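If you want the building blocks of each chain, they are given just below.
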Amino acid sequence: MPFEVGDVVEGTVLNITDFGAFIQLPEGKTGLVHISEVANTYVKDIREHLKEHDKVKVKILSMDANGRISLSIKKALPKNNKERDPKDFVWQSNRNYNTNSSFEERLLKFLKDSDERQQQLRKNFDSKRRNTGYRKSNGY
């Protein structure tokens, strides 16, 4: 069964290095899971997530002419409902504007909101600047 980019297959961890893990795939092929592709969180030490001889599901990211296979464990995981695709992200500020109104009305509302936010930021910044704790001494 030849592999193709995008396939999810099961493999066995052969060797662990500081930069990733080598995975034994079916048919005797070997691929590399880079440390950044191990988990959805920051991985400082890969050995906290994987051990030699672990069975893992991996997604084939790329295969080059030299026979090197790039793999990902985190992309082989089922999508969690808590995780959101960046394409699904909607800016909070866009929700406040009525899409049925004209462009000019939405622009005016945006400018008003922006001015209010700028004033609030200036007010907070000025109050922090005044309260630095530094006091001038009298007479010097």
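About the criteria used
Residues numbered from 1 in each chain as written. Predicted model: local features only at pLDDT ≥ 70, side-chain atom pairs only at ≥ 80, totals over all residues. Heavy atoms only, no water. Helix = DSSP H or I, 4+ residues; strand = E, 2+ residues; numbered from the N terminus. Buried < 20%, exposed > 50% of the residue type's maximum accessible area, 1.4 Å probe, protein only. Contact = heavy atoms within 4.5 Å. Areas by Shrake-Rupley, 256 points an atom, 1.4 Å probe, with all protein chains shown as cover. Core = buried A, V, L, I, M, F, W, Y, C linked by side-chain atoms within 4.5 Å. Patch = residues over 30% accessible without salt bridge, like charges linked within 9 Å, V, L, I, M, F, W, Y side chains within 5 Å. Salt bridge = Lys/Arg side-chain N within 4 Å of Asp/Glu carboxyl O. Pairing = 2+ DSSP bridges. Axes fitted to C-alpha atoms, helices over the stretch in contact; angles between N-to-C directions. Phe/Tyr/Trp six-rings, centres within 6.5 Å; stacked < 30°, edge-to-face > 60°. Polar contact = N/O pair within 3.5 Å; in protein donor to acceptor, adjacent residues only side chain to side chain.

K.L.:
Looking at this structure, I do not really get the overall build of the protein chain. What am I missing?
P.N.:
When you go through the protein chain residue by residue, the secondary structure sums to one helix and five strands. The order of helices and strands in the protein chain, counted from the N terminus, is β-β-β-β-β-α. The buried share of the protein chain, taken over its 140 residues, is 22%. Contacts in the protein chain between residues at least 24 apart in sequence constitute 49% of all its contacts with a sequence separation of at least 6. A total accessible area of about 11,500 Å² is found for the protein chain, and carbon and sulfur atoms account for 51% of it.

K.L.:
Explain the nonpolar core here, please?
P.N.:
Generally speaking, nonpolar side chains in soluble globular proteins are found buried as a group. Within the largest apolar cluster, 20 residues are counted, with the highest numbers of intra-cluster contacts made by Ile-23, Leu-25, Ile-46, Leu-50, Val-58 and Leu-71. Of all the secondary-structure elements, those providing two or more residues to this core are β1 (8-16), β2 (20-24), β4 (55-63) and β5 (69-72).

K.L.:
Sorry if this is basic, but what is going on with a nonpolar patch on the surface here?
P.N.:
Together, Phe-103, Leu-107, Leu-108, Phe-110 and Leu-111 give the surface a local cluster of nonpolar side chains, amounting to about 510 Å² of exposed area. As for its position among the elements, Leu-111 is in helix α1 (residues 103-130).

K.L.:
How do you make sense of the sheet that holds β5 when you look at a structure like this?
P.N.:
Think of a sheet as strands paired side by side through backbone hydrogen bonds, with each pair either parallel or antiparallel. With respect to topology, five strands assemble into a closed barrel ordered β1-β2-β3-β5-β4, the strand pairing being mixed. Between one strand and the next, the sheet's axes are offset by a mean angle of 55°, whatever the strand orientation.

K.L.:
Looking at this structure, I do not really get the packing of aromatic side chains. What am I missing?
P.N.:
A ring pair, where both rings are aromatic, is described by two values, the distance of the centres and the angle of the planes. Within this structure, the stated rule accounts for one aromatic pair. For the pair Phe-19 and Phe-22, a centre-to-centre distance of 6.4 Å together with 85° between the ring planes defines the contact as edge-to-face. On the basis of relative accessibility, which here comes to 28%, the residue Phe-22 falls in the partly exposed class.

K.L.:
I would appreciate a short explanation of the environment of Asp-18 in the present structure.
P.N.:
Secondary-structure assignment places Asp-18 in the loop between β1 and β2. Assessed through its relative accessible area of 66%, Asp-18 is described here as exposed. When the C-alpha positions of Asp-18 and Ile-35 are compared, they lie 7.8 Å apart, and in sequence the two are 17 residues distant. Once residues within four sequence positions are removed from consideration, Asp-18 is found in contact with Ile-35 and Arg-47. Within the local environment of Asp-18, its side chain forms a polar contact with the side chain of Arg-47, the two groups lying 3.4 Å apart.

K.L.:
Would you mind going over the pairing of strand β3 (residues 30-34) with me for this structure?
P.N.:
The side chains of a regular strand alternate, residue by residue, between the two faces of the sheet. On β3, burial follows the alternation: Gly-31 and Val-33 on one face are buried, whereas Thr-30, Leu-32 and His-34 on the facing-out side are not. Bridge count for β2 against β3 is five bridges, and the pairing is antiparallel. Its bridge partner lying in β3, Phe-22 is registered against Leu-32. Between the antiparallel neighbours β2 and β3 lie five residues, among them Glu-27 with a positive phi of about 70°. Where β3 and β5 come together, two bridges link them in parallel fashion. Opposite Leu-32, over in β5, you have Ser-70 as the bridge partner.

Bear in mind that shape data such as this cannot, by itself, settle questions of function.
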